[in-house]
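Structural description and commentary
Residues per chain, in single letters:
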Amino acid sequence: MSGLEFNANAARGRRQRLLAEMRKLQLDLVIVQTIEHVQWLTGARYGWVFSPAAALRADGHLTLVAPRKANVPASADEIVPYEAQWHSTLRNDQRQASSMELLKAIERKATPQRIGVEFSCFSLHLADVAGERIDIEPTLYQLRRRKDPDELARIRKAIAGTGKMYALARQIIEPGIAELEVFNRLQAAAVEEFGEMLTGTGNDYACGERGGPPRNGRKAQAGELYILDLGPAYRGYFADNCRAFAVDRRPTDEQLTAWQHIQRVLAHVEKSVKPGKRCKELFHECDAILHEAPIGVFNHHLGHGIGLFPHEAPHLNPYWYDVFEVGDVFTCEPGLYDEKILRAGIRLENDYLVTETGVENLSPFPLEL
């Protein structure tokens, strides 16, 4: 067992955690319809073209409405199929189809009084469900912060894909290489590591820029720095880390000075982050370190959580008040930018797991320019 397989016990554990929150909120039923929340709750991963849904009753009974013939393992007490396609054509009214099947399953049981639903996407096809509606999304996002073993295994696999991508990047980046060639070859390296298609891809492949997609016809130039911010997803779970490379392998003194200040930030994070540390406090500490650099500006977030979505809690950002918790997986991505002197900047990003005593660096790949 690699840990990457479907893990029914882990999914059942997440169900129990949600049930505990339902008791606190006095909810009789929770309905989830976003594909990430369906996967988190049931362990079943469906493609983005489908519209599964799930309902969890206060007695622990879980109903999953899934595309017919999907053949995806899931942790559920009953699996109700809906017709996602007719004669091999995907239906555009899948949300209605799955909602109708879910509605019938709910109506077979006692009428709920208080229902947790996702306010951002609750389908009007379920408007006939009786009861007071409570927004369950904040609770779901909070529960998703603590990564279970099956989730960590997939995140580690996604990160391993970035490791192979950066190793190849160090071999192939040189003056004259086209951005599209870098993109294509690095994507192939991740696919080879995964042994299957990516379920998400990103992020930055533009040379001599802070970021951006690969540009047709644009080639790397001597003296430029190439920021690669890579975020492939494995079976729904995202990696997100970044390295910067001197295109001609001869970084300037100014570029090395900026690199050293960014290194100081990563060292500070690894020394200071523990459960209970305030993310906003960490942001300001690292911002102060970067402001000591004689070259470049830092004017974006310091990092964020990752999981079933590229940006999750905790937010290393002055606009949020998150506190680090055991089980968080987060990125830290300090950078310094100057279009002329640094051409155009450096960003280094690691992925970390918060443990009882500190952090574990999940992306210990070389950081050198």
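Look a little higher up for the structure.
Residues numbered from 1 in each chain as written. Predicted model: local features only at pLDDT ≥ 70, side-chain atom pairs only at ≥ 80, totals over all residues. Heavy atoms only, no water.

1. Regarding the packing of helix α5 (residues 149–172) against helix α6 (residues 179–194)
Rules: To get an axis, fit a line to the C-alpha atoms, keeping to the stretch in contact for a helix; angles then go from 0 to 180 degrees between the N-to-C directions. Only DSSP runs of H or I covering at least 4 residues are called helices, and only runs of E covering at least 2 are called strands; the numbering of each starts at the N terminus. Oblique is the label for any angle not covered by the other classes, which are roughly parallel (under 35 degrees), roughly antiparallel (over 145) and roughly perpendicular (65 to 115). Each crossing gets its handedness from the near helix: less than a right angle anticlockwise from the far helix is left-handed, clockwise is right-handed. Contacts are assigned to residue pairs with any non-hydrogen atoms lying within 4.5 Å of each other.
In the contact formed by α5 and α6, the axes pass within 8 Å of each other and the chain directions differ by 140 degrees. Comparing their axes, α6 and α5 come out oblique. α5 and α6 meet at a crossing whose hand is right-handed. Residues Lys-157, Ala-158, Ala-160, Gly-161, Lys-164, Met-165, Leu-168, Ala-169 and Ile-172 of α5 form the contact with α6, whose own contacting residues are Val-182, Arg-185, Leu-186, Gln-187, Ala-189, Ala-190, Glu-193 and Phe-194.

2. Topic: the environment of Ala-220
Looking at the secondary structure, you find Ala-220 in the loop between β9 (203–204) and β10 (225–230). A C-alpha to C-alpha distance of 6.3 Å links Ala-220 and Ala-178, two positions 42 residues apart in sequence. Excluding residues that lie within four positions of it along the chain, Ala-220 makes contacts with Glu-174, Pro-175, Gly-176, Ile-177, Cys-207, Tyr-226 and Val-247.

3. Remarks on the pattern of salt bridges
Opposite charge on two side chains allows them to pair when their charged atoms are near. So the rule is basically this: Between Lys or Arg on one side and Asp or Glu on the other, a salt bridge is scored when a side-chain nitrogen of the former is within 4 Å of a carboxyl oxygen of the latter. Only protein chains enter the accessibility calculation, which uses a 1.4 Å probe. A residue is then buried if its area is under 20% of the maximum for its type, exposed if over 50%, and partly exposed in between.
Enumeration over the complete set of coordinates arrives at 31 salt bridges. Arg-14 serves as the salt-bridge partner of Asp-148, at 3.0 Å between the closest nitrogen and oxygen. You can see Asp-148 sitting in the loop between α4 (137–143) and α5 and its partner Arg-14 sitting in helix α1 (residues 8–25), a full 134 residues away along the chain. A relative accessible area of 9% places Asp-148 in the buried class. Take Arg-14: its relative accessible area is 1%, and that puts it in the buried class. Residue Asp-93 is joined to Arg-91 by a salt bridge in which the shortest nitrogen-to-oxygen separation is 2.9 Å.

4. Quick look at the side chain of Asp-240
To keep things clear, this is the line we draw: Charged residues are defined here as Lys and Arg on the positive side and Asp and Glu on the negative side; His and the ends of the chain fall outside this count. Polar contacts here mean pairs of N or O atoms no more than 3.5 Å apart (in protein, one a potential hydrogen donor and the other a potential acceptor; neighbouring residues in sequence count only if both atoms are side-chain atoms).
Along the chain, Asp-240 turns up in the loop between β12 (237–238) and β13 (241–246). No salt bridge is formed by the buried Asp-240. Its closest oppositely charged neighbour is Arg-347, at 7.3 Å. A polar atom in the side chain of Asp-240 sits 3.4 Å from the side chain of Asn-203. Separated by 3.2 Å, the side chains of Asp-240 and His-304 make a polar contact. With residues near it in sequence (within four places) discarded, Asp-240 still touches Asn-203, Asp-229, Leu-230, Gly-231, His-304, Ile-306, Thr-331, Glu-349 and Asp-351.

5. A closer look at the packing of α1 against helix α2 (residues 35–42)
Using the following cut-off: Gly is put with the polar residues, along with every residue not named as nonpolar or charged; the nonpolar set is Ala, Val, Leu, Ile, Met, Phe, Trp, Tyr, Cys and Pro, and the charged set is Asp, Glu, Lys and Arg.
Packing of α1 against α2 brings their axes to within 6 Å, and their N-to-C directions diverge by 105 degrees. On the basis of the axis angle, α1 is roughly perpendicular to α2. Across the interface between the two elements, Ala-11, Arg-14, Arg-15, Arg-17 and Leu-18 of α1 pack against Trp-40, Leu-41 and Thr-42 of α2. Its residues placed into classes, the contact of α1 with α2 shows 4 nonpolar, 1 polar and 3 charged.

6. What about the nonpolar core?
Filter applied, for reference: What is meant by a nonpolar core is a set of buried Ala, Val, Leu, Ile, Met, Phe, Trp, Tyr and Cys residues, joined one to another through side-chain atoms within 4.5 Å.
In this structure, Leu-186 and Leu-228 are the most contacted members of the largest nonpolar core, which totals 92 residues. A per-element tally of this core places α5 first, with 10 residues. In contact with Leu-228, other than residues within four places in its own chain, are Tyr-166, Ala-169, Ile-173, Val-182, Leu-186, Asp-204, Tyr-205, Asn-241, Cys-242, Arg-243 and Phe-245. Leu-29, Ile-31, Ala-53 and Val-65 belong to the second-largest nonpolar core, a separate cluster that totals 17 residues.

7. Quick notes on the side chain of Glu-78
Mapped onto the secondary structure, Glu-78 falls in strand β4 (residues 78–82). For Glu-78, the contacting residues outside a window of four places in its chain are His-61, Leu-62, Thr-63, Leu-64, Ala-105 and Arg-108.

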